[in-house]
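Structure at a glance
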Amino acid sequence: QTIYLRDYTPFGWTVESVHLTFVLAPEATRVRSRLRFVPDPKAPAQEFFLQGEDLTPISFAIDGAPVTPEITPEGLRAKVPDGPFTFEAEVEIAPLHNTALEGLYMSRGMYCTQCEAEGFRKITFYPDRPDVMSVFTVRIEGGEPVKLSNGNPVGAGEGWAEWHDPWPKPAYLFALVAGDLVAQSDSFTTRSGREVALNLWVREGDLHKCAFGMEALKSSMDWDERVYGREYDLDVFNIVAVDDFNMGAMENKGLNIFNSSAVLASPETATDANFERIEGIIAHEYFHNWTGNRITCRDWFQLCLKEGLTVFRDAQFTSDMRSAEVKRIVDVIDLRARQFAEDQGPLAHPVRPESFQEINNFYTATVYEKGAEVIGMLKLLVGDDAYSRALDLYFARHDGQACTIEDWLRVFEEVTARDLSQFKLWYAQAGTPRLAVAEDWQDGTYTLTLRQTTPPTPGQPDKAPLVIPVALGLLSPDGHEVLPTTVLELTEAEQSFVFPGLAARPVPSLLRGFSAPVVLERESSREERVFLLAHDTDTFTRWEANRDLARACLLAMVTDGADPDAAWLDGLETVLRDASLDPAYRALMLGVPTQSDLAQALHDRGVTPDPEAIWAATERLRDARATRWAELLPQLADEARVEAPYRPDAAQSGRRSLGSAVLALTTRVDGGSAAEAQYDRADNMTLQLSALACLVQAGRGAEALARFRAQWQDDRLVMDKWFGLQIAASDPTETVAVTEALTRDPDFDWTNPNRFRAVFGALAGHHAGFHRADGAGYDLLADWLIRLDDKNPQTTARMCAAYQSWRRYDPDRQAKMRAALDRIAAKPGLSRDVTEMVTRLIA
Ligand code: ARG
Ligand code: ZN
C-alpha cells in the first residue's frame with residue numbers, strides 16, 4: 001500500500017504509439033485503445049501489467065487475436081509475446097457518475113478530464129506512470145459541438161474529431177473535452193515564426209470573462225521566449241474553463257484545463273486578487289509546457305522537479321509584470337501560513353517525499369512553494385548567469401525525457417563546478433530550519449555568529465546542517481548602509497562571519513529578500529526593529545521589522561494584557577505617511593500576523609495558545625489603530641482613490657488594497673458609513689466586496705448581503721464569495737452557526753469543490769471561530785468531510801489539513817480535535833486519500 005522512492009524500476013516496454021477512440025455517452029462511454037509495445041532491453045524482465053480502475057472490460061486483443069487477461073482491482077495482467085506487439089482494449093466508463101472528478105467526468109453537461117497524477121487508469125488500461133511517454137492520436141465521437149484533445153487537430157466531420165499530438169508524453173498529460181462551448185480566440189506568433197491559434201473555451205454566458213486570461217496567456221508566451229528562450233511547439237493552444245475541478249488548473253499538453261475560478265474574470269465579478277492569481281496560474285500552466293511536459297518527472301517522488309521550478313518561474317513572471325517587492329512579501333506571507341504550518345505539524349514531509357500511499361496528498365505547499373524556494377536559493381548561490389546557463393543545459397540535455405532531482409542538480413554542478421551534495425539535503429530533509437544569531441563588537445570589528453538547527457519531523461529525528469544563503473546588509477547607527485547586500489553561505493551547524501574596519505557598531509539587516517525559508521530566532525530589541533523599520537534599504541526586511549514589531553506587540557497584549565506599542569505605531573505611521581512609498585507596500589505594512597501565526601508563536605515560546613485571547617488582542621489592536629489614526633485615515637483614503645476606469649494592474653490594485661485596509665479601520669470608528677457609501681457606488685468587485693466585508697464585520701451586513709445575492713444569484717464564482725465572506729467576517733461566537741446556516745442554503749451545492757471550499761475553507765480559516773472551545777467547529781467540519789468522502793476523496797483529503805495544528809492547543813481542544821479525526825477515521829469505506837491523511841495526522 002505504501003510506495004517508496006527507493007523501489008523505482010523502469011517499465012519493461014516502451015509504448016511506440018497510442019491510438020484512442022472515445023464514443024461519448026454520459027453513462028456508457030466506450031474507450032477503445034490500440035497500444036504498440038516494444039520490449040525495453042534496458043529494463044528488468046517483468047510480467048506485463050497495465051493499471052486500470054473502475055473500468056468495465058468489453059474486449060481485449062493482442063496482435064489481433066482475442067485474449068482474456070486477468071483483471072484485478074488495480075489493473076490487468078496478460079501473457080504477451082517476447083517481441084513487439086499491439087495491444088487492443090475496449091472498456092466502458094460512466095463519466096456522469098464520476099464524482100471524484102478524476103479521469104473522464106462531467107461538469108454541468110460537459111465532458112472533461114483530470115489525469116494527473118493517476119487518473120488515466122480510470123479511462124483505460126495503461127502503464128499509467130510518468131516515465132512512459134508516447135505519441136497519442138485521439139478520435140472523439142459524439143454529438144457535442146466542440147470536441148478537443150491534445151496536440152493539433154487533424155480531422156473533423158459530422159459527429160467526430162481527431163487530434164494528434166506529435167510530442168511524446170506521459171498519460172497524466174492526456175486530456176479530452178467535449179461540450180457546448182464557445183471560444184475567445186486570438187493568435188500568437190512565436191519568434192521563430194510559428195503561428196499559434198489560441199482559444200479560451202467557455203460556456204456561452206462566460207464569454208465576457210475571457211479577455212484578461214487571453215492577455216495573460218500572450219504575455220506568458222512572450223515572457224518565456226524572452227527570459228528562458230522557450231517557444232511554444234504546437235499549432236494550437238487551447239484552454240478550457242470547467243466549473244467542477246479539484247485543483248486550480250492542469251497543464252495537459254496543448255489543452256490546459258482550468259477551474260473556472262482560476263481563469264474567468266471581469267472587473268464586475270472578480271477582485272484584484274483574483275486577477276493577479278489568474279495571471280499567475282495561466283503563466284504557471286503555460287510554463288509547464290517546458291518544465292513538466294517537454295521535460296517531465298521519472299516518478300511522482302520527483303513532483304517538485306516540475307512544480308517547484310514552475311512555481312519559481314511563475315513568481316519571476318509576476319515579479320516582472322507587477323512589483324517584485326510586493327510579490328516577494330506576498331509569497332512569504334503565504335509560505336509561512338501554509339508551508340511553515342505544514343512543516344511544524346504531523347504532515348511535515350520533504351520537498352521530495354520518500355514514500356506515499358496516495359500521491360494526490362502530496363500536491364502540497366512543501367512540494368510547490370518550498371520547492372520553489374529551494375530553486376531561489378540555488379539561483380542566489382550560483383548567481384544569475386550560472387543559473388541561466390544551467391537551465392539552457394537542462395533543456396538541451398533532457399528534452400523529451402522523464403527526469404529526477406539528480407538530473408536537475410547535475411546541470412548546476414557541471415556549469416558551476418560546485419559540489420551540491422550538501423545543498424541536496426533541502427530536497428530530503430523536512431522541517432523549517434531555525435537560525436539563531438549572536439553578535440560581537442570589538443575594535444571596529446563586527447562578528448556575526450549563526451547557528452542552525454532543524455527540529456525533528458515525522459520519521460526524521462536527526463537533522464544535518466543545510467547550505468543556507470543568508471543575505472545580509474549592515475547599517476550604521478545613523479541609518480546609512482555600510483555593507484550592501486552580501487550573501488553569506490552558512491554550511492556548518494555554527495559559523496562566524498567577520499566584518500572588520502567599521503567606524504561604529506552596525507545594525508544587521510538579516511535575511512534580506514527572505515533569502516532562505518528559515519525561521520530567524522533573534523531577540524533583537526524593539527529600538528533596533530523600529531530603527532530598521534525607518535531605515536532599512538531592503539524592502540523585505542523593512543517590512544519584516546514591522547511584522548516582528550506587530551507580533552511582539554500582539555504577543556504582549558495576549559499574555560500580559562499590555563497596551564499597543566506606541567513606539568512601533570509611531571514608526572509605522574511615518575511609513576504610512578511616506579507618499580513616496582508604493583501604496584501596495586504601505587497596505588502590506590498595515591497587515592498584522594494572522595491569528596494562527598500568533599498561536600504558533602505562543603506555542604514556540606512554551607505558552608498554550610488561547611484562540612479567544614488571540615482574537616481579542618487582535619481586535620483591541622485594530623480598534624486602537626483606528627482611533628489613533630482617525631485623522632490619518634481619510635488622508636490615506638484620498639491617496640488610495642482611483643479615478644481612472646478600472647484596470648487590474650499593479651498600480652491600481654495597490655491603491656485599492658491600501659484603500660480596503662484603510663476602510664476596515666475606518667469602519668471601526670464610523671460604524672460602517674464609509675463602507676456603505678463605497679458599497680453603493682462600487683463599480684467593480686474589489687470595492688464592492690471590501691465594503692461588504694466591512695459591513696458584515698460591523699454587524700450591518702444583512703441588507704447589503706441580500707442585495708449582493710439578488711445581484712449575483714446567477715454567477716457561481718461571485719456566489720462563492722458571498723458564502724465565504726459571511727463566515728470569514730463573522731464574530732467567532734457565530735462562525736459555526738453562520739456556517740451551519742449556509743449549509744442549509746438552497747445554493748449550497750456541496751458537491752461542487754469551489755462551493756465546498758468557499759464554506760469550509762472559510763470556517764477552517766477563521767481561527768477563533770473554528771477553534772471554539774466547545775468543539776462545535778471541529779465537529780461541523782468532520783460531519784461534512786465524512787459526507788464528502790464518498791463523492792470526492794481528493795478534496796476531502798486536502799481539507800483534512802484543517803486539523804494539522806491540533807497538537808499545539810490545550811488538552812481539551814486537542815481531545816475534541818482528536819475525537820473529530822477519530823470519527824472520520826472510523827467511517828466505513830473511508831477512501832485511501834483520507835485514510836492516509838488522518839493516519840498521519842493522529843500518528
Ligand atoms: N499539475 C497541476 C498544476 O500544478 C496540478 C494538478 C494536480 N492535480 C491533482 N489531482 N493532484 O498546475
Ligand atoms: Zn504546476
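Here, every reference points to the structure presented above.
A few points on the structure. (Residues numbered from 1 in each chain as written. Chains lettered and ligands numbered in written order. Predicted model: local features only at pLDDT ≥ 70, side-chain atom pairs only at ≥ 80, totals over all residues. Heavy atoms only, no water.)

1. Some words on the sheet that holds strand β31 (residues 519-521)
Defined as follows: The rule for pairing is simple: two strands pair if DSSP sees at least two bridges between them. Strands are runs of DSSP state E lasting at least two residues, helices are runs of H or I lasting at least four, and both sets are numbered from the N terminus onward. Note on geometry: axes are C-alpha line fits, over the in-contact stretch for helices, and angles between N-to-C directions span 0 to 180 degrees.
Taken together, the four strands give an open sheet; going across it, the order is β29-β26-β25-β31, and neighbouring strands pair in mixed fashion. A strand with exactly one partner marks an edge of an open sheet, and here the two such strands are β29 (494-499) and β31. Ignoring which end each strand starts from, the neighbouring axes of this sheet average 25° apart. In this structure, strand β26 (residues 445-453) lies alongside β29, joined through six bridges in antiparallel fashion. In the sheet register, Thr447 faces β29, and the bridge partner there is Val498.

2. A closer look at the environment of Gly142
The following threshold applies: Whether a residue is buried, partly exposed or exposed follows from its accessible area with a 1.4 Å probe, protein chains only, as a fraction of its type maximum: under 20%, in between, or over 50%, in that order.
Relative to the elements of secondary structure, Gly142 occurs in the loop between β12 (134-141) and β13 (146-149). Since its relative accessible area comes to 14%, Gly142 is described here as buried. C-alpha separation for the pair Gly142 and Met377, spaced 235 residues apart in sequence, amounts to 50 Å.

3. Details of the sheet that holds strand β7 (residues 70-71)
Overall, antiparallel pairing links the three strands, which are arranged β4-β8-β7 in an open sheet. Of all strands in the sheet, those with a lone pairing partner are β4 (48-51) and β7, marking the two edges. Of the strand pairs in this sheet, β4 and strand β8 (residues 75-78) are connected by four bridges, and their pairing is antiparallel. Looking at the pairing, Phe49 lines up with Arg77 of β8.

4. Let's talk about the coordination of the zinc ion (ligand 2)
Rules: A donor here means an N, O or S atom no more than 2.8 Å from the metal, or no more than 3.2 Å when the metal is Na, K or Ca. Since water is not included, a site may seem to lack partners. Only two sets of limits are used to name each site, 85 to 135 degrees for every angle of a tetrahedral four-donor site, and over 155 degrees for opposite donors with all other angles from 65 to 115 for a square planar four-donor or octahedral six-donor site, with any other site named irregular.
Those protein atoms acting as donors to the zinc ion (ligand 2) are His284 (NE2), His288 (NE2), Glu307 (OE) and Glu307 (OE), and they sit at 1.9 to 2.8 Å. Classification of the site at the zinc ion (ligand 2) as irregular follows from its six donor atoms and the range of 45 to 161° in their angles at the metal. Mapped onto the polypeptide sequence, the residues donating to the zinc ion (ligand 2) form the spacing pattern H-x3-H-x18-E.

5. Describing helix α4 (residues 324-343)
Here is the rule: To get the bend at any residue, fit one axis to the seven residues that end at it and another to the seven that begin at it, then take the angle between the two axes. Contact criterion: two residues are considered in contact whenever any of their non-hydrogen atoms come within 4.5 Å of each other.
The largest bend in α4 is about 35°, located at Arg336. Within α4, burial applies to Val326, Lys327, Ile329, Val332, Leu335, Arg336, Gln339, Phe340, Ala341, Glu342 and Asp343. Lining the buried residues of α4 we find α3 (303-321), α5 (365-382), β31, α10 (539-560) and α12 (583-590).

6. Looking at the packing of helix α17 (residues 673-681) against helix α18 (residues 685-697)
What counts here: Left-handed is the label given to a crossing in which the near helix is rotated counterclockwise from the far helix by less than a right angle, and right-handed is the label when the rotation is clockwise. In the scheme used here, Gly and all other residues not listed as nonpolar or charged are polar, with Ala, Val, Leu, Ile, Met, Phe, Trp, Tyr, Cys and Pro taken as nonpolar and Asp, Glu, Lys and Arg as charged.
One way to put it is that α17 packs onto α18 with a least axis distance of 8 Å and a crossing angle of 150°. The hand of the α17/α18 crossing is left-handed. Where α17 abuts α18, its residues Ala675, Glu676, Gln678 and Tyr679 lie against Leu687, Gln688, Ser690, Ala691, Leu692, Cys694 and Leu695. Taken together, the residues of the contact of α17 with α18 sort by class into seven nonpolar, three polar and one charged.

7. Some thoughts on the packing of α18 against helix α20 (residues 716-728)
Formally: Any angle from 65 to 115 degrees is called roughly perpendicular, while one under 35 is roughly parallel, one over 145 is roughly antiparallel, and all others are oblique.
One can describe the packing of α18 onto α20 by two numbers: an axis separation of 11 Å at closest approach and a directional angle of 20°. What the angle tells us is that α18 and α20 run roughly parallel. In terms of crossing hand, the pair formed by α18 and α20 is right-handed. Contacts between α18 and α20 pair Met685, Leu689, Leu692, Ala693 and Val696 from the former with Val718, Lys721 and Leu725 from the latter. Looking at the contact of α18 with α20 residue by residue, the class counts come to seven nonpolar, no polar and one charged.

8. A closer look at the nonpolar core
In summary, soluble globular proteins display a tendency toward joint burial of nonpolar side chains. As a reminder of what qualifies: In plain words, nonpolar cores are sets of buried Ala, Val, Leu, Ile, Met, Phe, Trp, Tyr and Cys residues tied together by side-chain atoms within 4.5 Å.
Of all hydrophobic cores here, the largest spans 266 residues; its most connected members are Phe87, Trp408, Phe423 and Tyr803. At ten residues, the largest contribution of residues to this core is made by α10.

9. Overview of the site of ligand 1
Filter applied, for reference: Note on terminology: near, applied to a residue and a molecule or strand, indicates that one of the residue's heavy atoms is within 4 Å of it. Between N or O atoms, a polar contact is any pair within 3.5 Å; within protein, one atom must be a potential hydrogen donor and the other a potential acceptor, and residues adjacent in sequence are included only when both atoms are from side chains. Reported accessibility uses the Shrake-Rupley method at a 1.4 Å probe radius. Residues are deemed covered only where the shown protein chains occlude them.
By nearness alone, 15 residues border ligand 1, and Glu116, Glu251, Glu285, Tyr368 and Gln794 come closest of all. The side chain of Lys306 places a nitrogen or oxygen atom 3.4 Å from a nitrogen atom of ligand 1. In the model, a nitrogen atom of ligand 1 is placed 2.9 Å from a nitrogen or oxygen of the Asn360 side chain. In the complex, 97% of the free accessible area of ligand 1, which totals 350 Å², lies under the protein chains. Counting only elements with at least two residues in the shell around ligand 1, the list comes to β20 (249-250), α2 (272-287) and α3.

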